[in-house]
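Listed below are the residues making up each chain.
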Amino acid sequence: MSLGVERLTPPDRGIRYFMAQQNGWSWASFWMGIGTLVMVMLGTLVVLTAHGWTQFCPEGAKATECSPTDPLAEGLMSRGLGLVIIATVILGVATWVISVISMRVYQTKPAKEATLVGIVLAAQGVGFAGFLMWFRGSDVDRFARNFLDVRLIGDHIGLVWSKITAQFGAIAEAAVPWAINMAIAGLLVWIVWRMVVSDNPVAEPIRTVLLAGTAAIVLGLLLDVTGLLTGNLAWLRITERIGEVNWGTLLGTGSRADHVDGLAQGIGSLLRFAALWLGYGAFAGICYRILRGDWRSDEHIRGAVRAMLILAGSGYVIGIVKGMVVTATLPSFAAGAWNTLILSVAGAAIGFGGGLVLSLFAMSSRAVVRAPARIYINFFRGTPLIWQISFAGMGIVPALHLNISPYWVAIMVLGLNLAAYSAEVYRAGIQSIERGQMEASRTLGLSYMQSLQYVVVPQAIRRVIPPLLNEFVILIKDTSLVSILGLTLSQKELLGVGRTIYSSTFDATAWLGAAAGFLIITLPMIRIVTIVERRMRSGLTSVI
Amino acid sequence: MNEDGTLIRLDGIHKWFGDLHVLRGIDLAIVPQEVVVLIGPSGSGKSTLLRTINMLEEPTEGGVWFDGIELTHIRTDLNKARARMGMVFQSFNLFPHLKAIENLTLALIKVLGLSREEAIGLAREQLAHVGLSDKADSYPSQLSGGQQQRVAIARALAMQPTLMLFDEATSALDPELVGEVLRVMQELAEEGMTMVVVTHEMGFAREVGNRLLFMDQGVIMEEGLPADVFANPQHERTKEFLSQVL
Ligand SMILES: Nc1ncnc2c1ncn2[C@@H]1O[C@H](COP(=O)(O)OP(=O)(O)OP(=O)(O)O)[C@@H](O)[C@H]1O
Ligand SMILES: [Mg+2]
């Protein structure tokens, strides 16, 4: 190595450097370790697949004679798997022997690292083989029957492909509005975000229209969601109340029922119309501004277009999924996953929005403002969520003769509960912003609320995104608690679906299906949390 | 200006933090274009006094007048008054989520109601003034301490204040960066800005200050022309303090 020579670029420490620094022993240890783990995983998979995971039992066959899991149990007990296990152990031990030598001879750091990787992977492979060996000594047959009947999960995904293909035209068509609405909502969210985190690109009056439009669209979507869920639009109930005044008699014409219906429909369509009008109006306004060049810069147009495209795409996918779920035969894991998603997303919308407002109250310098917020927060954090759901669904709703679907009750309670938890997160985030930020802002003449809006909250939001996402993951899992309310089959979320299937089949694999559904939703979320945290740690100023 | 020709007048200011009596009867009048330098040992109440001038700290007793407005009056719109008083902090307090130029334009747009274009124009002018035209699009974290402090000064100046308050503006800076900030402050004084400066830079106090105030234990112990006070301190405490810092 030539020290003292001036280097202009940092030294290459990539994969090529890693490879170049190996010696024969370290390289062997590295690949043999990988081989050990791959062998046991792949070998098991191959052997089990060769025997088959499930089989079809004729109607009326005795469980002792034929179980769907027989091939799996056979595979688990087979000589083939035994060979895989033995081979894995041999390869693992060989890896360790090589590694011991390698540990004595290595001269470079990459060689040491490669050796360590080999040792660890070999240990994992041997460990897994050992587990299989132990498992083979237990009552494999019974375990497979009770827990590994994967056909059950397949049967209860609930999607009927022939039905889906037959109706695909309709499904695809119904997905288009999802795409459009999501794109517009995405654009609006993006604009609101820009307005919150940075100084305002849009003039005040337009901003007001935009906010109203967003609110209207969100409201419209929420109403639609409720309608979808309850099979009965929520605002129809409001208008029903208005209808009870019996306008028909007042006006002296027609029957009361006619007027209730007519009024309900009329007001309903008006609301819808207003929401759409505001939303699309805002959209048109933005287009106009972009065309007139009265927009900040290309960067913003690009950002807006990107946000719209992404959301339009995901909206379309969501629409398709929704269409497919609608055709599912119940009880269906697919429908359960959909409900889990709706419950958690709607709950999060209420919870994250409400939580921010709540946290501002909770931080007020005035005790009279602070106290109610504290009581609310402590109450919801201090009582079990399952109690809250039961109390609302089985206590308040029947006692007050409210005509609200349990599904809607569940969303409300999940949202109210999350608001309490996220309020604490927001509070911690806002209070973690140095006092000097607020002082500097006030010194410039900004009011307290302006300082919060433009200086403190935008910084705090960035800090609280990871913990809020964590709360969201918790909420996803907590949606399972709503299964104590009497939901209809089509309203049941994953755990409810699992339970329903279990109680009709007594096959515990149903629980695995529910777990798989949760993991499919939560694992990506957990991954996102990690990525966001890493991006924020790396010192980038923005996460969007 | 106040009726008596002063820009700032403090009358019988007392400040308690709980049981801690931090300001103990301060009377102070500052005329336009005056550069007042405030020195004193740590904990003597310099920052607190400075912060009462723009009401970041509300005095427990006493009155503050600024340009004909009684700031201590309950109905006074403090935001409006503060918009005309710049303040520079020891820890810069730039807004880290905004670019340098956005740090300047925020209040121009939100408080003064300028259009974006006007605000950007003004902000660029001010950044040029402190020699940072090329850093307009940098985030605070991408600037050195001295540059950050100059942006902070530009942010205050962009509001076209009638009064500037400096609280140990150079204390958090590496020694080699102190000069650039002091230079900006000196130019500002030469342009006729009214300034109240808390500092440990005795050279600056001597050369730029019109008047020196020595504070100790919540009172103004001694005041006069900087050169006089340095050459000829009257109080024991002042002598002791100066012998430590000079
Ligand atoms: N917000 C506060 N709450 C309680 N005590 C405070 C507060 N701010 C300042 N003090 C106290 O008031 C006294 C004066 O503080 P101040 O910051 O005005 O001193 P200073 O002269 O600026 O000192 P330094 O040179 O160290 O900055 C100190 O004893 C300090 O601990
Ligand atoms: Mg101080």
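See above for the structure.
Please read all numbers here as calculations on a predicted model, not as lab measurements.

By convention, interface size is frequently given as the accessible area that disappears when the constituent parts associate. Chain A puts 25 residues into the contact, and the matching count from chain B is 27 residues. When chain A packs against chain B, the two sides together hide about 2,300 Å² of surface, and 56% of this comes from carbon and sulfur. A salt bridge links Arg-51 of chain B to Glu-439 of chain A; the nearest nitrogen and oxygen atoms lie 2.7 Å apart. One can count eight residue pairs in polar contact (both at pLDDT 80 or more) joining chain A with chain B. Among the secondary structure elements, those contributing two or more residues to the side of chain A that touches chain B are helix 19 (435–443) and helix 20 (448–478) of chain A. With eight residues, the single largest contributor to the side of chain A that touches chain B is helix 19 of chain A. Grouping the amino acids of the side of chain A that touches chain B by side-chain chemistry returns seven nonpolar, 11 polar and seven charged.

Our focus in this paragraph is the pattern of salt bridges. The final tally for this structure, using the stated rule, is 18 salt bridges over all chains. It is possible to trace a salt-bridge network through shared partners that takes in Arg-374, Arg-381, Glu-424 and Arg-427 of chain A.

Let us now look at the site of ligand 1. Residues and elements named next belong to chain B. Lining the immediate surroundings of ligand 1 are Phe-17, Leu-20, Val-22, Pro-41, Ser-42, Gly-43, Ser-44, Gly-45, Lys-46, Ser-47, Thr-48 and Glu-168. The separation between an oxygen atom of ligand 1 and a polar main-chain atom of Gly-43 is 2.8 Å. Within the side chain of Thr-48, a nitrogen or oxygen atom sits 2.5 Å from an oxygen atom of ligand 1. Counting only elements with at least two residues in the shell around ligand 1, the list comes to strand 2 (20–30) and helix 1 (46–53). A per-class count over the shell around ligand 1 returns four nonpolar, six polar and two charged.

Let us now look at the sheet that holds strand 7 (residues 163–167) of chain B. Residues and elements named next belong to chain B. The strand order 6-7-8-3-9-10 describes an open sheet built from six strands, whose pairing is mixed. Taken across any chain shown, the strands that pair with only one partner, and hence form the sheet edges, are strand 6 (85–88) and strand 10 (219–224). Each strand axis lies, on average, 15° off the axis of its neighbour in the sheet, ignoring direction. In this sheet, strand 9 (residues 211–216) lies alongside strand 3 (residues 35–39) in parallel orientation, the contact comprising four bridges. Within strand 9, the residue paired with Ile-39 across the bridge is Phe-214. Its contacts with the sheet put helix 1 on strand 3, strand 6, strand 7, strand 8 (194–198) and strand 9, and the angle it makes with strand 7 is roughly 155°. Against the sheet, helix 6 (residues 175–190) contacts strand 3, strand 7 and strand 8, and its axis sits at roughly 145° relative to strand 8.

As a further point, take the packing of aromatic side chains. Residue and element names in this part refer to chain A. The final tally for this structure, using the stated rule, is 18 aromatic pairs over all chains. Between Phe-131 and Phe-135, the ring centres sit 6.2 Å apart and the planes meet at 10°, which makes this aromatic pair stacked. Here Phe-135 and Phe-131 lie together in helix 5 (residues 109–136), a separation of four residues that amounts to about one turn. With 5.5 Å between their ring centres and 40° between their planes, Tyr-502 and Trp-511 make a pair best called tilted. For Trp-511, a relative accessible area of 34% translates into the label partly exposed.

On to the pairing of strand 6 of chain B, then. All names here are of chain B. Because side chains alternate across strand 6, one face comprises the buried residues Met-85 and Met-87, and the other comprises Gly-86 and Val-88, equally buried. Sheet analysis places strand 6 next to strand 7, joined by four bridges and oriented parallel. Opposite Met-87, over in strand 7, you have Leu-165 as the bridge partner.

Thresholds applied
- Residues numbered from 1 in each chain as written.
- Chains lettered and ligands numbered in written order.
- Predicted model: local features only at pLDDT ≥ 70, side-chain atom pairs only at ≥ 80, totals over all residues.
- Heavy atoms only, no water.
- Contact = heavy atoms within 4.5 Å.
- Buried area = accessible area lost by both parts, 1.4 Å probe.
- Salt bridge = Lys/Arg side-chain N within 4 Å of Asp/Glu carboxyl O.
- Polar contact = N/O pair within 3.5 Å; in protein donor to acceptor, adjacent residues only side chain to side chain.
- Helix = DSSP H or I, 4+ residues; strand = E, 2+ residues; numbered from the N terminus.
- Nonpolar A, V, L, I, M, F, W, Y, C, P; charged D, E, K, R; others polar.
- Near = heavy atom within 4 Å.
- Pairing = 2+ DSSP bridges.
- Axes fitted to C-alpha atoms, helices over the stretch in contact; angles between N-to-C directions.
- Phe/Tyr/Trp six-rings, centres within 6.5 Å; stacked < 30°, edge-to-face > 60°.
- Buried < 20%, exposed > 50% of the residue type's maximum accessible area, 1.4 Å probe, protein only.

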